[in-house]
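Summary of the model geometry
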Amino acid sequence: MEQKIISLNGNWLLSRADGKAFDTNMNMDLEVASCDVQIPGSVLSGLLQNQLLEDPYYRDNEYFTREMLRNDFTFVRKFNIKKEERKVYELMCDGIDTIADIYINDKLIKNVDNMHVRFQIPCADVLIDGENVIRIEFHSPIIYIENHQPEPGKEIHFTACGAMDRNQYIRKAHSMFGWDWGPQLPDMGIWRDIYIRSYELASLEDVRIHQNHEKGTVTLTVDAEVKMDSGERLHIDEASKEITDLSVEYMLITPDGRKIPFDQDTCIIENPELWWPNRYGKQPLYTVVAKLIHGETVLNERSYRIGLRTLTVSREKDTWGEEFAFCVNGVKIFTKGANYIPEDCVYSRITPERIEYLLDSSVEAGFNCMRVWGGGYYPSETFYNMCDEKGLIVWQDFMFACNVYELTGELRAAIEEEVIDNVRRLRHHASLGLWCGNNEIESAWDHWGGFCDHSDALKQDYTTLFEDLIPSLLREEDDTTFYWPSSPSSGGGFDNPDSDDLGDRHYWDVWHGEKPFSDYENYYFRFCSEFGFQSFPCMETIESFTVAEDRNIFSEVMESHQKNDAANSKILRYISDNFLYPKDFKSLVYVSQVLQGIAIKTGVEHFRRNRGRCMGSIYWQINDNWPVASWASIDYYGRWKALHYMARHFYADQLGSLKIDGTCITPYVQNESLKDVTTLVKLYVKDMDCNILYEWSEEVETKALEVSHTEAIDVSDYIKGIENEVFIEAEFLHSDGTTSKQVEVLKPYKHMKLRNAAISSNTKREGNTLQITLKSDQLALFTEIEVQGVNVILSDNYIHLTDKKEHVITGELPEDYEGIPKVTVCSLCDSYSF
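Residues numbered from 1 in each chain as written. Predicted model: local features only at pLDDT ≥ 70, side-chain atom pairs only at ≥ 80, totals over all residues. Heavy atoms only, no water.

**A look at the overall build of the protein**
Defined as follows: Per the convention used, a helix needs a DSSP run of H or I reaching at least four residues, while a strand needs a run of E reaching at least two, with both numbered from the N terminus. With a 1.4 Å probe rolled over the protein chains alone, any residue whose accessible area is under 20% of its type maximum counts as buried; one over 50% counts as exposed, and the rest are partly exposed. Contact between two residues is taken to exist if any of their heavy atoms lie within 4.5 Å; hydrogens are not considered. We get accessible surface area from the Shrake-Rupley algorithm with a probe of 1.4 Å; when it comes to residues, only the shown protein chains can shield them. In this count, Lys and Arg are taken as positive residues and Asp and Glu as negative ones, while His and the chain termini are left out. All charge positions are set by atom: Lys at NZ, Arg at CZ, Asp at CG, Glu at CD.
If you tally the helices and strands in the protein, you get 15 helices and 50 strands. In terms of overall dimensions, the protein has a C-alpha envelope of 90 × 75 × 65 Å along the principal axes. A burial count over the protein gives 60% of its 834 residues as buried. Nonlocal contacts in the protein, meaning residues at least 24 apart in sequence, comprise 70% of its contacts between residues at least 6 apart. A total accessible area of about 31900 Å² is found for the protein, and carbon and sulfur atoms account for 44% of it. Averaging the positions of the 83 positive and the 137 negative side-chain charges in the protein gives two centres separated by 2 Å.

**Regarding the side chain of Asp388**
Note the following rule: Salt bridges are identified by distance alone: a Lys or Arg side-chain nitrogen within 4 Å of an Asp or Glu carboxyl oxygen. Side-chain atoms alone can form a polar contact between residues adjacent in sequence; in general such a contact is a pair of N or O atoms within 3.5 Å, and within protein one must be able to donate a hydrogen while the other accepts it.
Among the structural elements, Asp388 can be located in helix α6 (residues 381–390). Here Asp388 sits buried without a salt bridge, and the closest side chain of opposite charge, Arg305, lies 4.9 Å off (N-O distance). Of the polar contacts made by the side chain of Asp388, one reaches the side chain of His429; its length is 2.6 Å. Beyond its immediate chain neighbours, meaning those up to four positions away, Asp388 contacts Trp275, Gln283, Leu285, His429, Ala430 and Ser431.

**What to know about α6**
Every buried residue of α6 is listed here: Phe383, Tyr384, Met386, Cys387, Asp388 and Lys390. Packed against the buried residues of α6 are β29 (335–340), α5 (352–364), β30 (369–372), β31 (393–397) and α7 (409–426). Gly391, located one to two residues past α6, shows a positive phi value of around 80°.

**Topic: a negative patch on the surface**
Here is the rule: Like charges are joined within 9 Å and nonpolar side chains (Val, Leu, Ile, Met, Phe, Trp, Tyr) within 5 Å, but only among residues with over 30% relative accessible area and no salt bridge; these make up the patches.
On the surface, Asp223, Glu232, Asp237, Glu238, Glu242, Asp263 and Asp265 cluster together into a patch of negative charge. For Glu238, the position within the fold is in helix α4 (residues 236–242). With a relative accessible area of 43%, Glu238 lands in the partly exposed category.

**A word on the packing of aromatic side chains**
Worth spelling out the cut-off: Any two rings among Phe, Tyr and Trp, with Trp reduced to its six-membered ring, count as a pair given centres within 6.5 Å; such a pair is stacked if its planes are under 30 degrees apart, edge-to-face if over 60, and tilted if neither. Any Lys NZ or Arg CZ that is within 6 Å of a ring centre and within 35 degrees of that ring's normal is treated as a charge sitting over the ring.
For the structure shown, the criterion picks out 54 aromatic pairs. Geometrically, the ring pair formed by Trp181 and Trp373 is edge-to-face, given 5.4 Å between the ring centres and 70° between the ring planes. Separated by 192 residues along the polypeptide, Trp181 in the loop between β12 (177–179) and β13 (182–184) and Trp373 in the loop between β30 and α6 bring together distant segments of the chain. The residues Trp181 and Trp373 share a single accessibility class, namely buried. Judged by centre distance (6.5 Å) and plane angle (20°), the rings of Tyr590 and Tyr798 are stacked. Remark: Tyr798 occurs in the loop between β47 (780–787) and β48 (799–801) and Tyr590 occurs in helix α13 (residues 585–609); sequence separation between them is 208 residues. Assigned by exposure class, Tyr590 and Tyr798 land together as buried. The ring of Trp511 carries the charged tip of Lys570 above its face, separated from the ring centre by 5.9 Å. The lysine or arginine in question, Arg573, covers the ring of Tyr574, its NZ or CZ lying 5.9 Å from the ring centre.

**Describing the sheet that holds strand β28 (residues 331–332)**
This is how the line gets drawn: Strands pair, by our definition, only if DSSP identifies at least two bridges between them.
Read across the sheet, 3 strands follow the order β24-β27-β28 without closing on themselves; strand pairing throughout is antiparallel. Every interior strand has two partners, whereas the edge strands, β24 (311–314) and β28, have only one. Inspection of the sheet shows β24 paired to strand β27 (residues 325–328) by 4 bridges, in the antiparallel sense. Note on β27: the bridge partner recorded for Ser314 is Ala325.

**Some words on the pairing of strand β11 (residues 130–138)**
In terms of strand pairing, strand β5 (residues 73–81) meets β11 through 9 bridges, oriented antiparallel. Opposite Ile81, over in β11, you have Gly130 as the bridge partner. As paired elements, strand β8 (residues 100–104) and β11 share 5 bridges and run antiparallel to each other. Each residue of the ladder has a partner; that of Ile102, found in β11, is Ile136.

**Observations concerning the environment of Asn329**
Position of Asn329 relative to the elements: it lies in the loop between β27 and β28. Spatially, the C-alpha atom of Asn329 lies 9.2 Å from that of His213, the residues being 116 residues apart in sequence. Apart from the residues lying within four places of it in its own chain, the contact partners of Asn329 are Leu274, Trp275, Trp276, Leu308, Arg309 and Thr310.

**Brief notes about the side chain of Thr98**
For Thr98, the location among the structural elements is in the loop between β7 (96–97) and β8. A distance of 2.4 Å separates polar atoms of two side chains, one belonging to Thr98 and the other to Asp97. Excluding residues within four positions of it along the chain, Thr98 makes contact with Val112, Asp113, Asn114, Met115, Phe138, Ile170, Arg171 and Lys172.

**Brief notes about the packing of α7 against helix α9 (residues 456–477)**
Rule in force here: Axis angles are defined between N-to-C directions and span 0 to 180 degrees, where every axis is a line fitted to C-alpha atoms and, for a helix, only to the segment in contact. By the definition adopted for this analysis, an angle is roughly parallel if under 35 degrees, roughly antiparallel if over 145, roughly perpendicular if from 65 to 115, and oblique otherwise. Handedness of each helix crossing follows the sense of rotation of the near helix against the far helix: counterclockwise by less than a right angle gives left-handed, clockwise gives right-handed.
Taken N-terminus to C-terminus, the directions of α7 and α9 make an angle of 40°; their axes are 10 Å apart at the nearest point. As summarised for this structure, α7 and α9 are arranged oblique, according to the angle between their axes. Of the two elements, α7 crosses α9, and the hand of that crossing is right-handed. Contacts between α7 and α9 involve Arg412, Ile415, Glu416, Val419, Ile420, Val423 and Arg424 on the former and, on the latter, Thr464, Leu465, Leu469, Ile470, Leu473, Leu474 and Glu477.

**Notes on unusual backbone geometry**
In the segment running from Ser487 into Pro488, the intervening peptide bond is cis, with an omega of 5°. The topology assignment puts Pro488 in the loop between β33 (483–484) and β34 (505–506). Omega for the peptide link from Trp620 to Gln621 comes to 5°, which places this bond in the cis form. Within the fold, Gln621 resides in the loop between β36 (616–619) and α14 (642–650). Of note, Arg166 is a non-glycine position whose phi angle comes to about 75°, a positive value. Along the chain, the position of Arg166 falls in the loop between α3 (141–147) and β12. Not every positive phi belongs to a glycine, and Cys402 is a case in point at roughly 50°. Its place among the elements puts Cys402 in the loop between β31 and α7. The exposure class assigned to Cys402 is buried, which follows from its relative accessible area of 7%.

**Remarks on the environment of Gln778**
Relative to the elements of secondary structure, Gln778 occurs in the loop between β46 (769–776) and β47. In sequence terms Gln778 and Lys804 are 26 residues apart; their C-alpha atoms lie 6.7 Å from each other. Each residue touching Gln778, except ones within four places of it in the same chain, is listed here: Met688, Asp689, Cys690, Arg755, Asn756, Ala757 and Leu801.

**Quick notes on the sheet that holds strand β19 (residues 246–253)**
Spatial ordering of the open sheet is given by β20-β19-β22-β23, a layout of 4 strands whose pairing is antiparallel. Because the sheet does not close on itself, it has two edges, and the strands there are β20 (259–261) and β23 (297–306). On average, each strand axis in the sheet is tilted by 25° relative to the strand beside it, whichever way the strands run. Examined bridge by bridge, strand β22 (residues 286–294) and β23 share 9 bridges and lie antiparallel to one another. Counterpart to Ala290 in the pairing with β23 is Arg302.

Laid out in structure tokens, this is it:
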């Protein structure tokens, strides 16, 4: 009677639905009409796996690939089954992308149209004992959206930057149709697990876990939902009335492996180990195991890892308006993170290894939060499990972004199914911190040109969807997790969604508005959930999609890998404001990354100096879905840009920063730890030869989770007449053993009289540790260390060499890497011609 699983992952046969040979841009002598494809997989993964398609990321191959995806495709495989009487058989599809007809033994069992939903499809009537054939016919999403006919009065003319028109008409990751950082590659396929399950009598489908926290104890209560063999879903109490001797038994497994049985549906935990975000404490995880039992037979079981914590968003009224702060176990934290997008355009390539690398890189940079942006997808269990383990709070958007939606009856039903399915899948996770209705749509309806002029009927659809339907579903399915209708928002109802005094804010005047970096300091947002600045990816990444003749930012290929209108010109504009013109392409790439790092550093340090008024910084964005010029701090191949190295410093628990007003300098310490800290602040004025012209020091006490600062220090007497020949250096020696360092100049870098620094470097290897020793004869700003041929995360990079001492940088080589890689070093003075 136990539930059985028959996996349908593995080898399938891929072909065009019309039987014709694949369109290909490969130089091939023979036409090919079918090929093997590994599932989970897709049209693109299958064609690439069989070398029937050139890399769509190479040069301008995106456009051929996009047009190829106008075809329909078929996926087929055979499987054997020993069919048993009285058993329920269901085809379980964890991810079908997107418009597809599913057949078993040539009999249609389901039409599906939502990649964000798991489908359970009854199939006992079509299965036979022995060999069976499953066929899934996929219809081109491009043709589908082009053929959609809106209701009269609900026509839509807005399209997000970089996206294909009409992408809102399908429940598919919007960014697969392009975005202002991503290509237009709307793939299709079986992108998550597919299998057949069989059971008898009933199946345990869902367990809802409630936590009640009181001093010294946590009480867990559980509710179970059972699926009967009739297909009806019932609470266990109702199901047990229909089937005698049917029950659910629960067990709690503690972080150290102890097993504590529930008393019916309740478990009281004495002296609980609480779950905390990264840097605030540990992340102990408990496991709730639920077994559906008939008599003495276990029909099936489910397990849920949970963290014991309270987690919500505080919106208390205060002097400035209304705060917006994550509150964990009663502690209001300063949120530090970035926005997450899908890690690839070919979703089967988003492996657990890639997810872990990205999340580990986030933790290493001091993140405590990741915002899952609404234009992509709901990540896998692996993603959320790792966020639980690593202490990363997940700000979870529902998958709606920058679009107008026509809420037909069919779409409403699809959204209801999508919300319920994903909420039930994710609500138990310790890391889940917030449900958000959408990305930027309330703000767009409020004042975006070309958006807010749509019909009142469509605006009402917005209100119905995000302020009525989704909240009502959450009240039924997850009344514990905080819901926020849109980002940015002040709480809904189109009531000043871009308010600086309450709610969250997206700020783009730096970058889109071309304001100077100092403009951040004109605003005091309560929580900044989007702000960003572009740069080019690392040189090795650029070399992966270009040939030598492409390496000019205005070449056709480079512009094809830049999806934001006029962005390359913006980068040049900001360079002209801050730096001398770079001497070559490589130098331009380097300077763009330095610019990006300075931009975000300026914003974050200002936000943290105003902790209490501002309680969150989530920059745009952490990652790319292909090799591209973008706002990412880690490029497509996992190479850290300058921004991510700088994030290690500006997201440190103890942040020392400088507020500069003319020649007056005020050192600040923001202590984002649960302990008080004492900091010895040392400030220097130095010349280009690193000689100290002025020295000042003071000890500062900073309470836990607070900010302190010294009096302003006026350095005018020490720099008069030589402003472009000196720099300011500050060291913050914290009592927890960490150090902050700041180096600033009082005139634009382009006007500083930098000299051509001679940097000596020595590289050696001890075991798998790469050790790089640097020494400069004078000031060397933004010193970049490039390890060639292998991706190595260094202990620091883009550093300032402000003395003539040796500085040792380390990094871990892969275990299978042999020898010592080539290391090159450059600094700002190397980026232009003397």
